[in-house]
Amino acid sequence: MVGKVSERVLLREGKKTALCASRHLVATLAKRASWSVHVTLVLALADTHPQPRSREDRQCDYMKRDDQVLALRLQSEATRDRLVQSAKDRDRALARNGHAEVPLPVADIQPEEAAASTIDGTDPSKVIVIHPGSQNLRIGFASDALPKTIPMTVAAKFPQTESEMHEALPRRQFEAKTAEQQYGEEWSKKYQKMSNDLKVEMRANKRKVLPNSKELVVNYNRRTEPEKIPKHNDPQEIDWTDVNSLEDPDSAASCFVGNAAQRIPDDSDPKFKLWWPIQQGVLNEDDYTTAEHLYDDFETLLDKAIRQELGLTSTSSWKNYSCVFVIPDLYDKKYVEQVLKSCMTWFEFSRICFIQESMAATFGAGYTQACVVDVGAQKTSIACVEDGLCIEDSRINLKYGGYDVTDTFLKMMLFDNFPYQEINLRRRYDFLLAEELKIKHCTMSQADISVQLYQFHLRAPNQPTYKYQFKTYDEVILAPMGFYDPAIFDNSTKLRGRRKLIDRSYNAYDPTSSPLSSPIPNGFPSNPTDPNLATPMKEKAQPFSHLSRGDLNGTPGGSAAASPAPEGASTPVPPAFHFSANGNTGSPAPNGPNALPNGASPAPPAGMFVDSAARSARSLAAERDAVLPVAPLDIAILTSINNAARGDDKRLRDFLGSIMVVGGGSKTPLFTQTLEEKLRARRPDLFDRILVSRSARDMDEQVVVWKGASVFTKLPANDSWITPFEFERLGARVLHHKVLWAW
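Residues numbered from 1 in each chain as written. Predicted model: local features only at pLDDT ≥ 70, side-chain atom pairs only at ≥ 80, totals over all residues. Heavy atoms only, no water.

Going by the annotation in an unreviewed UniProt entry, the name recorded for the chain is Actin-related protein 8, with Xylaria arbuscula given as the source organism. Here the chain is described in UniProt, under the heading Sequence similarities (unreviewed entry), as follows: "Belongs to the actin family." (UniProt positions renumbered as here; feature names shortened; annotations may be inferred.)

Draft legend 1. Expanded view of the packing of helix α11 (residues 291–309) against helix α12 (residues 333–346). It is at 11 Å that the axes of α11 and α12 come closest, and there the two elements cross at 55°. Taken together, the axis directions place α11 and α12 in an arrangement best described as oblique. Considering how the two elements wind past one another, α11 and α12 form a crossing that is right-handed. On the side of α11, the interface is formed by Tyr295, Asp296, Phe298, Glu299 and Asp303, while α12 contributes Tyr335, Gln338, Val339, Ser342 and Trp346. (Axes fitted to C-alpha atoms, helices over the stretch in contact; angles between N-to-C directions. Helix = DSSP H or I, 4+ residues; strand = E, 2+ residues; numbered from the N terminus. Parallel < 35°, antiparallel > 145°, perpendicular 65-115°, else oblique. Left-handed = near helix turned anticlockwise from the far one by under 90°. Contact = heavy atoms within 4.5 Å.)

Draft legend 2. Quick look at unusual backbone geometry. For the bond running from leucine 169 to proline 170, omega is -5°, close enough to zero to count as cis. Here proline 170 is to be found in the loop between α6 (162–165) and α7 (179–183). For the bond running from aspartate 269 to proline 270, omega is 5°, close enough to zero to count as cis. Within the fold, proline 270 resides in the loop between α10 (259–262) and β7 (272–275).

Draft legend 3. Structural detail: the packing of helix α14 (residues 402–415) against helix α15 (residues 428–441). Direction vectors running N to C along α14 and α15 enclose 95°, while the axes themselves pass 10 Å from each other. The angle between the axes of α14 and α15 places the two elements in the roughly perpendicular class. Note on element contacts: α15 touches α14 through Phe431, Ala434, Glu435, Leu437, Lys438 and His441, opposite Gly402, Tyr403, Val405, Thr406, Phe409 and Leu410. In the contact of α14 with α15, the residues fall into seven nonpolar, three polar and two charged. (Nonpolar A, V, L, I, M, F, W, Y, C, P; charged D, E, K, R; others polar.)

Draft legend 4. Inspection of the pairing of strand β16 (residues 452–458) at higher detail. Judged from the seven bridges that link them, β16 and strand β17 (residues 465–472) form a sheet pairing that is antiparallel. Its bridge partner being in β17, glutamine 452 is matched across the sheet by threonine 472. In sequence, β16 turns back onto β17 through a hairpin of six residues, with asparagine 462 there showing a positive phi of about 60°. (Pairing = 2+ DSSP bridges.)

Draft legend 5. Here's a closer look at the side chain of serine 134. Looking at the secondary structure, you find serine 134 in the loop between β1 (127–132) and β2 (136–141). Within the local environment of serine 134, its side chain forms a polar contact with the backbone nitrogen of glycine 281, the two atoms lying 2.9 Å apart. In contact with serine 134, not counting residues within four places along its chain, are Met152, Trp276, Ile278, Gln279, Gln280, Gly281 and Gln378. (Polar contact = N/O pair within 3.5 Å; in protein donor to acceptor, adjacent residues only side chain to side chain.)

Draft legend 6. Molecular detail of the pattern of salt bridges. If you walk through the whole model with that rule in mind, you get 35 salt bridges. Among the ionic pairs, arginine 92 bridges to aspartate 89, the shortest N-O distance being 2.9 Å. One end of the pair is arginine 92 and the other is aspartate 89, both in helix α4 (residues 70–97) and three residues apart, which spans about a single turn. Arginine 92 sits in the partly exposed class, given a relative accessible area of 40%. According to the relative accessible area criterion, aspartate 89 is partly exposed, its value standing at 29%. The shortest N-O distance in the salt bridge between glutamate 285 and arginine 498 comes to 3.2 Å. Of the two residues, glutamate 285 sits in the loop between β9 (282–283) and α11 while arginine 498 sits in the loop between α16 (475–478) and α17 (617–625), which places them 213 residues apart along the sequence. Judged by relative accessible area, glutamate 285 falls into the buried class, the value being 3%. (Salt bridge = Lys/Arg side-chain N within 4 Å of Asp/Glu carboxyl O. Buried < 20%, exposed > 50% of the residue type's maximum accessible area, 1.4 Å probe, protein only.)

Draft legend 7. Representation of empty space enclosed by the protein within the structure. Tallied over the entire structure, the rule returns one cavity of 30 Å³ or more. Gln279, Gln280, Gln378, Tyr403 and Arg426 are the residues nearest the centre of the largest cavity, which is lined by 38 residues in total. Those elements that place two or more of their residues in the lining of the largest cavity are β7, β9, α14 and α15. Here the lining of the largest cavity is composed, by residue class, of 11 nonpolar, 11 polar and 16 charged. (1 Å grid on protein atoms, 1.4 Å probe; cavity = no way out; pocket = protein on both sides within 12 Å on 5 of 7 lines; lining within 4 Å. Points joined across faces, edges and corners; volume = space filled by probe spheres on them.)

Draft legend 8. Expanded view of the confidence of the model for the chain. Summary statistics for the chain give a mean pLDDT of 80 and a share of 73% for residues scoring 70 or more. Scored below 50 in pLDDT, residues 508–576 shows 164 contacts in the model against residues more than four places distant or in partner chains. Per-residue pLDDT stays below 50 along residues 581–605; that stretch engages in 22 contacts with residues further than four places along the chain or on separate chains. (pLDDT = per-residue confidence, 0-100.)

Draft legend 9. Molecular detail of the pairing of strand β13 (residues 380–386). With six of seven residues buried, β13 is to be regarded as a mostly interior element. With seven bridges joining them, strand β12 (residues 369–375) and β13 adopt antiparallel strand pairing. Looking across to β13, one finds that glutamine 369 is bridged to glutamate 386. Hairpin connection from β12 to β13: four residues lie between these consecutive antiparallel strands. With three bridges connecting them, β13 and strand β15 (residues 396–398) associate as antiparallel partners. From the neighbouring strand, threonine 380 faces β15, where its bridge partner is leucine 398. Bridge count between β13 and strand β14 (residues 389–390): two bridges; the pairing is antiparallel. Across the sheet, the residue bridging to glutamate 386 is leucine 389, located in β14. Between β13 and β14, which pair antiparallel and follow one another directly, the connecting turn spans two residues, one of which, aspartate 387, has a positive phi of 55°.

Draft legend 10. Spotlight on the sheet that holds β7. Strand order in the open sheet formed by three strands is β6-β4-β7, and the pairing between neighbours is antiparallel. Here the strands that pair on one side only, and so sit at the sheet edges, are β6 (255–257) and β7. Averaged over all adjacent pairs, the angle separating strand axes in this sheet is 25°, with direction ignored. Both strand β4 (residues 154–157) and β7 contribute to a ladder of four bridges, which runs antiparallel. Pairing of alanine 155 across the sheet is with leucine 274, part of β7. Across the face of the sheet, α11 comes into contact with β4, β6 and β7 while running at roughly 65° to β6.

Draft legend 11. Main features of the nonpolar core. Of all hydrophobic cores here, the largest spans 77 residues; its most connected members are Ile128, Val324, Phe325, Tyr335, Leu340, Ile352 and Phe354. Top contributing element to this core by residue count: α11, with eight residues. Not counting chain neighbours up to four residues away, the residues in contact with leucine 340 comprise Ile352, Phe354, Ile722, Phe727, Gly731, Ala732, Val734 and Leu735. By size, the runner-up hydrophobic cluster in this structure holds 74 residues, among which are Met194, Val405, Phe655 and Leu679. (Core = buried A, V, L, I, M, F, W, Y, C linked by side-chain atoms within 4.5 Å.)

Draft legend 12. The arrangement of the side chain of aspartate 625 in detail. Tracing the backbone through its elements, the reader meets aspartate 625 in helix α17. Here the side chain of aspartate 625 touches arginine 504 through a polar contact of 2.8 Å, side chain to side chain.

Draft legend 13. Here's a closer look at the environment of threonine 723. Along the chain, threonine 723 falls in the loop between α21 (704–713) and α22 (724–730). Taking C-alpha positions, threonine 723 is 9.5 Å from serine 322, a pair spaced 401 residues apart along the chain. When sequence neighbours within four positions are dropped, the list of residues in contact with threonine 723 reads Met344, Ser350 and Arg351.

Draft legend 14. Seen up close, α11. With 19 residues, α11 ought to run about 27 Å at 1.5 Å a step, and its terminal C-alpha atoms sit 27 Å apart, in line with that. Where α11 ends, the next residue or the one after it, glycine 311, has phi of about 80°, a positive value. (Expected span 1.5 Å × (residues − 1).)

Quick look at the structure:
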């Protein structure tokens, strides 16, 4: 017996029928009537159905199912094909074992194992792992034990060399008479203060400190003269690059890369200039005039590295190789999209996947949870990794590294009358000499601080070799200690040319250049209303913000507000650490003659009472980009860990006990021990929980990230590979579905 249908159901069905008929009528007339008729008809239909549509009418599953997304559909089809193939292989193996009616028991094959056994291209010798950096490029096959390392530079013909175009480094006033005038009064006072603080600390540690050590060094270096060594008596003569050995000397596109580029004489004929596509961990927009030139040099460097270092001289064979590309934790979307385009169109790899540096470092060291501190040549990145993924709120990118130590070490030596006063890091042979001096003499051990006599040989092209002798005292430790007092570094040009050629990516992910601004115990930024302290992470949606409408590209803009303070802080908060546009640091409170009078209230920050809707996303982004991310290393690490723990005391202790230092800039003796002491001084309540270690298995710190990327390629299941077919259909949008983190 059919039940009685309620009037409500009949009314709803009637509405749906009328609505469908109306839609059909509009679609029919759309082919015949004019636009005015369309508007009139729609308005009439709206008057006849003023009630809101029901839930059934509003429901839509467009682009909400995996089978409607090409990348996910291809992935599921590939998985299904692998399972079918594995089943066929299993049946074939059973048939070979015998013809019994009852099949032999065989353990079930897991989907991941089946995928690994039949997937094409899992041979590690067919996978190229690429890790570009500001100073070095590491490239090799996934089957190699260690990568090939070459300088990340291209030498091309140019009317002037880099030493002729730019001012000398370290920066100084050559016409000044005194050292204070040469290097500036402010820097001289900072250097003197660091030297005095070191003496106090050494005396507190019961170490012997001679009162006239500095005078001995300065007087000796002032009097010493170089010794000329004839060419035939120099057993370590350098083989300089012959500029006539170019593959096509008549072509303007011919160039040298890597070590050959750095060994080109500065007085060569024709002249060559060194181009560095990546500086400060990002694309070098300052030295280039067009984005096409920048991208072309980057692709040329990778092209020649593959041909010369890996032996793949035939372009047609590259289609048989896959590529794993290592990108920064705080990456620029346009950089990743450009790399994807180059690998698919220029190199034509069979497939490519991306992995972040900190994630690769944990794979290389075998850690499941760690706070990775990657000290590179020109940047230091910090990120907490848990279960193979970077915690977004913990990523920090500081714009200093081993190169800043080299520059500051030479600056301190020149201040103390270093005998080779003409040294210039812009000259190629001087740069190589400076790196050699830093590696040999810089240390963080106070036990090694005393007046020491050293020597070096200056080998310049087309000139005799000169032997210099010099003395050092505290310069060898004060330069690397700049990691904990970065104001001693030269930060004047690190933001120059930023966003000159490549505009920023205006979308939900907004990797600003400032470190995290969450207030933590022990003095990291604690002013949540300061718009200059933007959080460099994936921007969180602000439901009540007018800025979320966005006026560029139709995408919502991110919020510049700082992250909330973590809970569970158990130590008092000292004065907050603040950033400024030029990288200088200081207390936010007024002091001395500029202090506010009693009872006076400080002026509100600029823009505090301005309508937020009146400020565009471009202006907010430019304001954040103007802040140089430079902060003491120990404070930055504690900030990263506090933001990763988010008030969970157990996670906080776990991350503090698993701090891993990697990168070539951390190879200074006693670097990890000094960092551990600094962190324990910041958090005495967790003294016994803090542990800083190098990478496991006694691996070279410079190759841990590359090694981790090669291990990543050998995982039994990896769904992040991007194929040319997917790139052809979806373009850069395929990254949203393929990368292992929130794109």
